[in-house]
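# A structural walkthrough
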Amino acid sequence: MSECVFCKIVNKEIPADIIYEDEQIMAFKDIAPQAKVHVLIIPKEHIHSNLYFEGRHKPVIGHLILKANEIAKKLGIADTGYRLIVNTGKHSGQEVFHVHWHLLGGEPLGRLVCK
Ligand code: AMP
Ligand code: ZN
C-alpha cells in the first residue's frame, strides 16, 4: 500500500473533493485553498515531481493541461484568468512528492504564489 497521500486519494483510501477523474488523471480541491478556487490536478501514476517526467509521459502531460482549461471553464474562472503552478523540489517548497498542478483563480491573484 502506498504511503503517498495523493496515491491514497487516487485509490479512494482517503476522501477528497474530486471534481474530475478519468483513467489517467484526477482533479480535486486543495485541502488548504490559497485562492477562491484552488484545485490540484494530478496524473494517477505516482511520479515524484516534474523532474521525473519521461518522454513516455508526454501524452498525459498534454491531456492534463487541456483538462485544466476545461476544469477552469467548468468552474467559471477561465474568462477572468487563472494560474497553473507546478512546484518542483526543495526551493519551490514542494511538500507532496506526487507531481501536481495547482489551478488557482476566482479572484485577482496578484503576486500570490502557491506557498
Ligand atoms: P506543494 O506544496 O506544491 O507540494 O502542494 C501540496 C498541496 O497539497 C498543498 O497546497 C496542500 O494544501 C495540498 N494537500 C495536502 N494534502 C491534501 C489532501 N489530503 N487533500 C487535498 N489537498 C491536499
Ligand atoms: Zn503518489
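The structure displayed is predicted, hence computed values, not measured ones.

Calculation rules
- Residues numbered from 1 in each chain as written.
- Chains lettered and ligands numbered in written order.
- Predicted model: local features only at pLDDT ≥ 70, side-chain atom pairs only at ≥ 80, totals over all residues.
- Heavy atoms only, no water.
- Buried < 20%, exposed > 50% of the residue type's maximum accessible area, 1.4 Å probe, protein only.
- Helix = DSSP H or I, 4+ residues; strand = E, 2+ residues; numbered from the N terminus.
- Pairing = 2+ DSSP bridges.
- Donors = N, O, S within 2.8 Å, 3.2 Å for Na, K, Ca; no water.
- Tetrahedral: all angles 85-135°; square planar, octahedral: opposite > 155°, others 65-115°.
- Phe/Tyr/Trp six-rings, centres within 6.5 Å; stacked < 30°, edge-to-face > 60°.

### A look at the pairing of strand 2 (residues 25–29)
- With respect to burial, strand 2 is a largely interior element, four of its five residues being buried.
- Examined bridge by bridge, strand 1 (residues 18–21) and strand 2 share three bridges and lie antiparallel to one another. Bridging across to strand 2, I18 finds its partner in F28.
- Hairpin connection between strand 1 and strand 2: a loop of three residues separates the two successive antiparallel strands.
- Across five bridges, strand 2 lies against strand 3 (residues 37–43) in antiparallel orientation. Its bridge partner being in strand 3, M26 is matched across the sheet by I42.

### With respect to the coordination of the zinc ion (ligand 2)
- Taken together, C4 (SG), C7 (SG), H46 (ND1) and H98 (ND1) make up the protein donors of the zinc ion (ligand 2), found 2.0 to 2.3 Å from the metal.
- The coordination sphere of the zinc ion (ligand 2) comprises four donor atoms, whose angles at the metal cover 105 to 118°; the geometry is tetrahedral.
- Sequence spacing of the donor residues for the zinc ion (ligand 2), all on one chain, is C-x2-C-x38-H-x51-H. Taken together, the residues C4 in the segment before helix 1 (5–10) and H46 in the loop between strand 3 and helix 2 (58–74) connect sequence positions 42 residues apart.

### Here we look at the packing of aromatic side chains
- A complete count under the given rule lists two aromatic pairs for this structure.
- On the numbers, 6.0 Å between centres and 45° between planes, the contact of F53 with W101 is tilted. A residue pair is termed long-range when its members are at least 10 positions apart, and F53 in the loop between strand 3 and helix 2 and W101 in strand 5 (residues 101–105) qualify at 48 residues.
- Owing to a relative accessible area of 16%, F53 belongs among the buried residues under this scheme.
- Take W101: its relative accessible area is 6%, and that puts it in the buried class.

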